[in-house]
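Here are the chains, one letter per residue:
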Amino acid sequence: MFHNTLGGYLPKTPTKRRLKTMKNINTNIHCPRCNSTDLYKYGKEQKTLQQKYQCKNCYAQFVPGREYKSHNQAHHGFCPRCGSKLHIRKTNKSTIQLRCPNKLCRYSISRPLNFKQFFKYALNNNSFFKLPKFLRYPTDMLILAAKLYFKFNLSSRQVKSELALSYKKSPSHVTIINWCSKFAYYFSILYNNNFKTLNLKISTWLIDETVIKINGTKFHLFVILDPNSKFVIAWYLSPTKDTQATLTTLKLALNFTKHKPNIIVSDNAQHFQKAIQELFADSVLYLKVSLYQKSIFSNNKLERFFSTLKQNFYKRRYPKSYFSAYASIFIYIFIFNFFAVNSNMKPTPSSILGISLNIKDKFLEAFSKCIA
């Protein structure tokens, strides 16, 4: 730059190096975002050595002939109510919680990261839970390990010591836990598939939730129970306590019974009221009951169920993963529904409703007998 007599500054003559960069850009190239031809040359890629461009209007960077991927896409989906992009509210090793940024909406949803992929693959693939024909250990040992673990509530190390008395080669405590958890998942899928064509008319539902700790983090267990037979209709283990979790439990109960109830009883929590109103509207009578209220419609039976479940659940020294917690809760609820957990529970809840369990697999028949 040099000074002019008129008081201004005139630019220098461009060098050869600058002349190369200031070449006219081909007008056939357009910005994929705003369709503008006013572009910069923005260097080259290291791997492909293709020319990159940047738009002067919207500052979008792109390579011509390649699909443009915007950074402002909704990676976590859109809100089903207002249509805005969902943002991450909380993240964990196993779960993610999303929330709508709109202050008038505030829709929230929680998604387990690994558990959803696990069960999606398990349900689509028929051979995922199929046991191998030739096991490393005999099947009698597997059934005995499951019996000691589930029925007698022994720890995995205690089961290992018991197996060492009757067998020459005993497995490690880690393999025993893997056996029990995998059989529980396998059994849960067969259990759900067995009752797809079930039709039950249950007039009243009791719904409530309780807190369960898994590896130090709090999870919420939602349960729907029949007050007359004490049968657990549906349950769901969620990382959050919101309307979305209650909606999933209600939908699971509807898929199981195939009929709407006449009355739903819960406490004064708002997420129960919102979910019931969203799913059933005014077709179901909704009753709010305070804690330990002495009336015909009360949640006292459900509170007793939670207390007995927690006593059995925390004997395992707090499960360290979502899978092991799911397995132990499912096995307890299965025993509670179809077998007598206590001597006072006679007849069983399933026999009152007239539900029978028919499983054709011989190994699972033995497994169901050993956990009862």
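Quick caveat, the model's predicted, so the values are computed rather than measured.

Chemist: How would you explain the pattern of salt bridges if you had to name every residue and give the values?
Modeler: Applying the stated criterion to the full structure yields 3 salt bridges. Notably, a salt bridge pairs Arg-66 with Glu-45, separated by 2.8 Å at the nearest N-O pair. Placement of the pair is Arg-66 in the loop between strand 5 (61-62) and strand 6 (87-91) and Glu-45 in the loop between strand 3 (39-44) and strand 4 (51-55), with a sequence separation of 21 residues.

Chemist: Account for the nonpolar core, naming residues and giving values.
Modeler: In terms of nonpolar packing, the biggest core is built from 74 residues, with Trp-205, Leu-221, Trp-235, Leu-237, Leu-250 and Phe-305 touching the most fellow members. Ranked by residues supplied to this core, first place goes to helix 9 (residues 322-338) with 13 residues.

Chemist: Which residues make up the packing of aromatic side chains, and what values do they have?
Modeler: Summed over all chains, the structure comprises 12 aromatic pairs. Between the aromatic rings of Phe-305 and Phe-306, the centroid separation amounts to 6.1 Å while the plane-to-plane angle is 50°, which identifies the pairing as tilted. According to the relative accessible area criterion, Phe-305 is buried, its value standing at 2%. The class for Phe-306 is buried, based on a relative accessible area of 3%. Cluster of aromatic residues (ring-pair linked, three or more members): Phe-231, Phe-256, Phe-330, Phe-334 and Phe-338.

Chemist: I'd love a proper account of the side chain of Gln-244, names of residues and values included.
Modeler: Here Gln-244 is to be found in helix 6 (residues 243-257). Among the polar contacts made by the side chain of Gln-244, one reaches the side chain of Tyr-107 at a distance of 2.6 Å. With near-sequence residues (within four places) excluded, Gln-244 lies in contact with Tyr-107, Ser-108 and Ile-109.

Chemist: Kindly report on unusual backbone geometry, identifying the contributing residues and their values.
Modeler: Although it is not a glycine, Asn-35 sits at a positive phi angle of roughly 60°. Considering the arrangement of structural elements, one finds Asn-35 in the loop between helix 1 (16-21) and strand 3.

The rules behind these values
Residues numbered from 1 in each chain as written. Predicted model: local features only at pLDDT ≥ 70, side-chain atom pairs only at ≥ 80, totals over all residues. Heavy atoms only, no water. Salt bridge = Lys/Arg side-chain N within 4 Å of Asp/Glu carboxyl O. Helix = DSSP H or I, 4+ residues; strand = E, 2+ residues; numbered from the N terminus. Core = buried A, V, L, I, M, F, W, Y, C linked by side-chain atoms within 4.5 Å. Buried < 20%, exposed > 50% of the residue type's maximum accessible area, 1.4 Å probe, protein only. Phe/Tyr/Trp six-rings, centres within 6.5 Å; stacked < 30°, edge-to-face > 60°. Polar contact = N/O pair within 3.5 Å; in protein donor to acceptor, adjacent residues only side chain to side chain. Contact = heavy atoms within 4.5 Å.

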